[in-house]
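# Descriptive structure summary
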Amino acid sequence: MPDARFIASAAEPITATLAAAGDLGIPSAYVLVSYHAHGCTIRLDDRRAARREEFEHAVRTAFTAEGWGVSPRQNGDLDLRHPSFLRRP
């Protein structure tokens, strides 16, 4: 289960993601966020949504700016890993 620090540290990039979705004309209700043990997953409910690539770029930008890892999943979701779970050199 995610703990409070995951949820708190995801708040700012999720807010930026929702703002970007609005700027792109994507209803915020289409942006689905689910938390997991290492971070969260974001996806668009409507996989055919116009401007999908621009939306994914906005998600990547918002989360990487906060130190999160971003990886695409085969089903089209974006897996977002909390910075504490990223490998350090």
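Notes on the structure follow. (Residues numbered from 1 in each chain as written. Predicted model: local features only at pLDDT ≥ 70, side-chain atom pairs only at ≥ 80, totals over all residues. Heavy atoms only, no water.)

## What about the pairing of strand 1 (residues 31–36)?
Across six bridges, strand 1 lies against strand 2 (residues 39–44) in antiparallel orientation. Pairing of Leu32 across the sheet is with Arg43, part of strand 2. What sits between the antiparallel neighbours strand 1 and strand 2 is a turn of two residues. (Pairing = 2+ DSSP bridges. Helix = DSSP H or I, 4+ residues; strand = E, 2+ residues; numbered from the N terminus.)

## Some thoughts on the pattern of salt bridges
Considering all chains together, one arrives at two salt bridges under this definition. A salt bridge links Glu54 to Arg51; the nearest nitrogen and oxygen atoms lie 3.1 Å apart. Using a relative accessible area of 39% as the deciding quantity, one classes Arg51 as partly exposed. Among the ionic pairs, Arg52 bridges to Glu56, the shortest N-O distance being 3.2 Å. Of the two residues, Arg52 and Glu56 both sit in helix 2 (residues 52–65), four residues apart, roughly one turn of that helix. (Salt bridge = Lys/Arg side-chain N within 4 Å of Asp/Glu carboxyl O. Buried < 20%, exposed > 50% of the residue type's maximum accessible area, 1.4 Å probe, protein only.)

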